[in-house]
Amino acid sequence: KDDASHPKKCKNSKQSKNQKKKPKQPKIGVIGANPSQSKHLETATMNIHAIDIDFVNLRAEEVYLPGSRIPTSDTRMFGTPLEDALRRDFTINSLFYNVRSGRIEDWTGKGLGDLSVHRRIVTPVDPHVTFHDDPLRVLRAIRFAVRLDFELDETIMEAARSNRVHHSLHVKVSRERVGKELEGMLSGKHARPAVALNMIADLHLAGSVFCFPGSFPGDVGADKPGEGEEEGGPVVSGNILGVEYNCGLGSGGADAEKLASRQRARGWEESSALLSLLPELMEGHAGERVLLQSLPPTVNNTRLLHLCVFILPFHNLSFPDKKGTRTISVTAHMMKEALKFPQRDVQAVSKILSNVDEMAAILSEIRSQLLQREAQEEGEAPIEITPPCRMRTGLLLRSLKEHWVTCLLTAAAWENRSHKRLDDGDLDSFRAMAASATSAASASRVSVEQPSRELYRAIVSDLDLDECWRVPPHLDGKKMIKELSLPKGPIVGEYLADQTQWMLLHPERTKEECTEYLRARKREREEEERLAAEKKERDEANLVVANGEGCSAQQIAEGVNGAEQLSKETRVEK
C-alpha cells in the first residue's frame, strides 16, 4: 500500500539499485591443454572491443602418430619464432607483428612477397610433408586461393595430386572438418563455388572430399579391415553416364576396382564439364527473369546448384543399407556422411537429383521443338513452342517446391551434356571436350540456355505454376471421407492424388465440380473392382475344370457348364 501511494519512491529505489551495478570488466579465460583433442598448450583468451583475442606462446613443430592428427607427447612445449613460423600452413599466415617495434616480421622470408607481390599460396616447408602431417591444409589452400583470388604454387598442386595425401585426407581428418572447409568455398563473402569445385576436380581430390560409401573409417557400411587389407564397403550399383557400375570399394578384385576407379574418374571429369555450362545458364535465367512483368518469388539457390551439378554424374548410383531393407543413393551418402552437411541440405539435394531426369526429359522435348523451328524454310510460319502438360509439370513442381528453379538449371546442364558424352574408350577426346565451356551446344543451333528459358517462361507465365504447391485443396482428408462416404485408410490418399491432378488440369474450376469429378472416379473404381472380382471367379472356375482332381463326375459337369456360362457372359460383355 505504501509503495502504491508513493510511486516516486519506487522509481527512485530502482534507479539507486541500477546505479549500484558496476559495468562488467573483461575477464581473462584459460583454455586448458587437452592432448586427446590435439591441444597440448594452454591458451589465454579475452574479449577486447568485441573481438575475441587468444594469447599463446610460440609453438614447435608437432609430432603426430601414424593415422592421426593428434600430436604426441614428443612435441616440445615451446618453440622459437622460426619454428612457429615454419609450422604454419602457408607463408602468408606465418607473418608476425611485433608489438614492441611496430614492425611485421617475416621469419620464412617469403610471406610478404607471397602476400603482396606474387599473390600465391605456398607452404613454409615441403607441401608433401605438411599435407601428410595435416591433410586438411590441402583443402584450406583451395579455400584461400578461391576467396583471395590467389594462385596455388606448383609444388602444392603436385603434392595435392599425390595418392599419399589423398589417403591421409581419408583416414586422418574428420568428415565434419572436411565439410566445414568445403562450406567455406561455397558460401560467404568472395565465395566462388564453381572455381573451388573445379580446382578440387583438377587436383583429383573429388573422391577424397565426396567419398563413396565404405571409403573412410567409421563410414556406414565400411568393414573393419584386417592387417594389410583394404577397407571394404557395400556394393554400389547403377550407372555412371549410362555405363553400368557395380562395385564395392576394396572388394571384387583388383581388376574390378581398377575399372570402377576409371568410371569414377570419368564421372568427375564430367562434373567439370557440367560446371562449365552454369555461367551461361545462370545468365540466361537472370535475363529471363528481367523480361517478366513481375519477379516470381521462387529463386535459384546458387550454393545448392553447384553442389547438385558437381555430383550429378553419380545420381543414378545406390547401395543397400546394413540391414538390406532399403537402398541409399550415393549422392545422399556424400552429403550426409562424407561431408556431414545439415539434414536440410541432404533432403534438398536428394529431392533435386531424384527429379532431375524428369525435368531434363521436358527440356529435351522443348529442344526438339526448337530444332524443328530452326529447320524451317524461309517464309514458313514459325512453329509455336507448345508448353508442357500442366499436370505433369505441376506434379513435378509440387514435389520440388522451392527447389524447382535450382532443379531446372541442374537439369539444363545435364540435358545439354547428355547427347555429347562419348564412349568409354575415347577418354582423350572426352577430356578435350570437358575443357570447353560451349562444347555441349557446339553441334546444335539451339543455344545452351534457350530450352531452360523457354521452360521457365512457360511455367511462370503460360502455366502459372510457380508456388502451385501452396494452393489449398478443395477437400481435405476429413471432408473427402464425408463427401464420398469413404472408409479411413490408404484409399483416401488415392482420391487426394486424383484431386491434385484434377486441380492442376482445371485451375479455374470450382469445389462443386471437383467433388462431382471425384464421385465419378469413385463409381469408376467400384466398377473396376466389380469386373476384377468377376474375372477372379471365372479364373477359379476354369482352374476347377482344368484340374478335375478329387471331383465327382457331377461336380466336373457343373464346373464345365458354369465355365461355359461365364464364357458366354464374357462374350456378351465384350
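Residues numbered from 1 in each chain as written. Predicted model: local features only at pLDDT ≥ 70, side-chain atom pairs only at ≥ 80, totals over all residues. Heavy atoms only, no water.

Some words on the overall build of the protein
Turning to step 1, where the next piece is worked out: Of regular secondary structure, the protein possesses 24 helices and 11 strands.
Turning to step 2, where the next piece is worked out: Counting all 574 residues of the protein, 41% fall into the buried class.
Turning to step 3, where the next piece is worked out: Within the protein, counting contacts between residues at least 6 apart in sequence, those at least 24 apart form 65% of the total.
Turning to step 4, where the next piece is worked out: By element, 52% of the accessible surface of the protein is carried by carbon and sulfur atoms, the whole surface being about 32200 Å². (Helix = DSSP H or I, 4+ residues; strand = E, 2+ residues; numbered from the N terminus. Buried < 20%, exposed > 50% of the residue type's maximum accessible area, 1.4 Å probe, protein only. Contact = heavy atoms within 4.5 Å. Areas by Shrake-Rupley, 256 points an atom, 1.4 Å probe, with all protein chains shown as cover.)

Concerning the pattern of salt bridges
Turning to step 1, where the next piece is worked out: Under the definition given, this model contains 31 salt bridges.
Turning to step 2, where the next piece is worked out: A salt bridge links Arg-264 to Glu-257, with the shortest nitrogen-to-oxygen separation between them at 2.8 Å. Residues Arg-264 and Glu-257 agree in their burial class; the two are buried.
Turning to step 3, where the next piece is worked out: Among the salt bridges present, the one from Arg-519 reaches Glu-483, with a minimum N-O distance of 3.1 Å. Here the residue Arg-519 occupies a position in helix H23 (residues 511–547), and Glu-483 occupies one in helix H21 (residues 477–484), the gap between them amounting to 36 residues.
Turning to step 4, where the next piece is worked out: By relative accessible area, Glu-483 is classed as partly exposed at 35%.
Turning to step 5, where the next piece is worked out: Three or more residues are tied together by salt bridges with common partners; here these are Glu-494, Asp-498, Arg-521, Glu-524 and Arg-525. (Salt bridge = Lys/Arg side-chain N within 4 Å of Asp/Glu carboxyl O.)

Side note on the pairing of strand S3 (residues 51–55)
Turning to step 1, where the next piece is worked out: When strand S2 (residues 43–48) meets S3, the two strands line up antiparallel, connected through five bridges. Paired with Ala-44 across the bridge in S3 is Phe-55.
Turning to step 2, where the next piece is worked out: What sits between S2 and S3 in their antiparallel hairpin is a turn of two residues, with His-49 showing a positive phi close to 55°. (Pairing = 2+ DSSP bridges.)

Things to note about unusual backbone geometry
Turning to step 1, where the next piece is worked out: Phi angles above zero are rare outside glycine, and His-204 is one such case at about 60°.
Turning to step 2, where the next piece is worked out: With respect to the helices and strands, His-204 occurs in the loop between helix H10 (193–202) and helix H11 (206–209).
Turning to step 3, where the next piece is worked out: Although it is not a glycine, Lys-340 adopts a positive phi angle of roughly 55°.
Turning to step 4, where the next piece is worked out: Take Lys-340: it is sitting in the loop between helix H15 (330–338) and helix H16 (343–374).

Overview of the sheet that holds strand S1 (residues 29–31)
Turning to step 1, where the next piece is worked out: Taken together, three strands build an open sheet; the order of strands is S1-S2-S3 and the sheet is antiparallel. Strand pairing shows two members of the sheet lacking a second neighbour, S1 and S3, which therefore form its edges. Adjacent strand axes in the sheet meet at a mean angle of 30° when their direction is disregarded. (Axes fitted to C-alpha atoms, helices over the stretch in contact; angles between N-to-C directions.)

What about the nonpolar core?
Turning to step 1, where the next piece is worked out: Core analysis: the largest hydrophobic core is formed by 101 residues, its most contacted members being Ile-121, Leu-182, Phe-210 and Trp-404.
Turning to step 2, where the next piece is worked out: A per-element tally of this core places H16 first, with 12 residues.
Turning to step 3, where the next piece is worked out: Among residues more than four places away in sequence, those in contact with Ile-121 are Phe-90, Ile-92, Ala-141, Phe-144, Ala-145, Phe-150, Glu-151, Leu-152, Asp-153 and Ile-156.
Turning to step 4, where the next piece is worked out: With nine residues, the next largest nonpolar core counts Leu-475, Leu-484, Leu-486 and Met-503 among its residues. (Core = buried A, V, L, I, M, F, W, Y, C linked by side-chain atoms within 4.5 Å.)

A closer look at the packing of aromatic side chains
Turning to step 1, where the next piece is worked out: Counted by the stated rule, this structure contains nine aromatic pairs.
Turning to step 2, where the next piece is worked out: Relative to Phe-314, the ring of Phe-212 lies with its centre 5.7 Å away and its plane at 90°, an arrangement referred to as edge-to-face. On the criterion of sequence distance, the pair formed by Phe-212 in the loop between H11 and strand S8 (236–240) and Phe-314 in the loop between helix H14 (302–311) and strand S10 (317–320) is long-range, its members being 102 residues apart. Accessibility classification places Phe-212 together with Phe-314 in one group, the buried group.
Turning to step 3, where the next piece is worked out: Within the aromatic cluster, the residues linked to one another by ring pairs are Phe-210, Phe-212, Tyr-245, Trp-268, Phe-310 and Phe-314.
Turning to step 4, where the next piece is worked out: Across the ring face of Phe-144, the terminal group of Arg-143 is positioned such that the distance to the ring centre comes to 5.0 Å.
Turning to step 5, where the next piece is worked out: One cation-aromatic arrangement involves Arg-264 over Phe-212; the distance from NZ or CZ to the ring centre is 5.5 Å. (Phe/Tyr/Trp six-rings, centres within 6.5 Å; stacked < 30°, edge-to-face > 60°. Lys NZ or Arg CZ within 6 Å of the ring centre and 35° of its normal.)

Some words on the sheet that holds S10
The pairing of strands in a sheet happens through backbone hydrogen bonds and is either parallel or antiparallel.
Turning to step 1, where the next piece is worked out: Pairing in this open sheet of four strands is antiparallel, and the strands run S9-S8-S10-S11 from one edge to the other. Strands at the two margins of the open sheet, each flanked by one partner only, are strand S9 (243–247) and strand S11 (327–329). Between one strand axis and the next, the sheet turns through 20° on average, direction left out of account.
Turning to step 2, where the next piece is worked out: Where S10 lies against S11, three bridges are found, and the strand directions are antiparallel. Bridge pairing in S11 links Phe-319 to Ile-328.
Turning to step 3, where the next piece is worked out: Against the sheet, H15 contacts S8, S10 and S11, and its axis sits at roughly 70° relative to S11.

Some thoughts on helix H22 (residues 490–505)
Turning to step 1, where the next piece is worked out: The end-to-end C-alpha distance of H22 is 24 Å, a good match for the 22 Å that 16 residues give at a rise of 1.5 Å each.
Turning to step 2, where the next piece is worked out: Regarding H22, the residues found buried are Val-492, Tyr-495, Asp-498, Gln-499, Thr-500, Trp-502, Met-503 and Leu-504. (Expected span 1.5 Å × (residues − 1).)

Topic: a negative patch on the surface
Turning to step 1, where the next piece is worked out: On the surface, a cluster of negative charge is contributed by Asp-126, Glu-151, Glu-154 and Glu-158.
Turning to step 2, where the next piece is worked out: Along the polypeptide, Asp-126 turns up in the loop between strand S6 (120–121) and helix H5 (127–133). (Patch = residues over 30% accessible without salt bridge, like charges linked within 9 Å, V, L, I, M, F, W, Y side chains within 5 Å. Lys, Arg positive; Asp, Glu negative; His and termini not counted. Charge placed at Lys NZ, Arg CZ, Asp CG, Glu CD.)

Examining the environment of Gly-29
Turning to step 1, where the next piece is worked out: Secondary-structure assignment places Gly-29 in strand S1.
Turning to step 2, where the next piece is worked out: What makes Gly-29 partly exposed here is its relative accessible area of 25%.
Turning to step 3, where the next piece is worked out: Along the primary structure Gly-29 and Thr-45 are separated by 16 residues, whereas in three dimensions their C-alpha atoms are 5.1 Å apart.
Turning to step 4, where the next piece is worked out: Excluding anything up to four places from it in sequence, Gly-29 contacts Thr-43, Ala-44 and Thr-45.

A word on the confidence of the model for the protein
Turning to step 1, where the next piece is worked out: Scored by pLDDT, the protein comes out at a mean of 84, with 77% of its residues at no less than 70.
Turning to step 2, where the next piece is worked out: Per-residue pLDDT stays below 50 along residues 223–231; that stretch engages in 12 contacts with residues further than four places along the chain or on separate chains.
Turning to step 3, where the next piece is worked out: Low pLDDT (under 50) marks residues 422–443, which in the prediction has 34 contacts with non-local residues, meaning those over four places away or in another chain. (pLDDT = per-residue confidence, 0-100.)

Overview of helix H8 (residues 163–172)
Turning to step 1, where the next piece is worked out: By the burial criterion, the buried members of H8 are Val-165, His-166, Ser-168, Leu-169, His-170 and Lys-172.
Turning to step 2, where the next piece is worked out: Where H8 is buried, its residues contact H5, helix H6 (136–148), helix H7 (154–160), helix H9 (175–186) and H11.

Looking at a nonpolar patch on the surface
Turning to step 1, where the next piece is worked out: Taken together, the side chains of Tyr-97, Val-99, Ile-104 and Leu-112 make up a nonpolar region of the molecular surface, amounting to roughly 440 Å² of accessible area.
Turning to step 2, where the next piece is worked out: Mapped onto the elements, Tyr-97 comes out in strand S4 (residues 95–98).

Some details on the pairing of S9
Turning to step 1, where the next piece is worked out: The pairing of S8 with S9 spans five bridges and is classified as antiparallel. Across the sheet, Asn-239 pairs through a bridge with Glu-244, a residue of S9.
Turning to step 2, where the next piece is worked out: Taking the residues between adjacent antiparallel strands as the criterion, S8 and S9 are bridged by two residues, where Leu-241 takes a positive phi near 55°.

Topic: the side chain of Ser-162
Turning to step 1, where the next piece is worked out: Relative to the elements of secondary structure, Ser-162 occurs in the loop between H7 and H8.
Turning to step 2, where the next piece is worked out: Classification of Ser-162 by relative accessible area gives buried; the value is 17%.
Turning to step 3, where the next piece is worked out: Separated by 2.8 Å, the side chain of Ser-162 and the backbone oxygen of Ala-159 make a polar contact. (Polar contact = N/O pair within 3.5 Å; in protein donor to acceptor, adjacent residues only side chain to side chain.)

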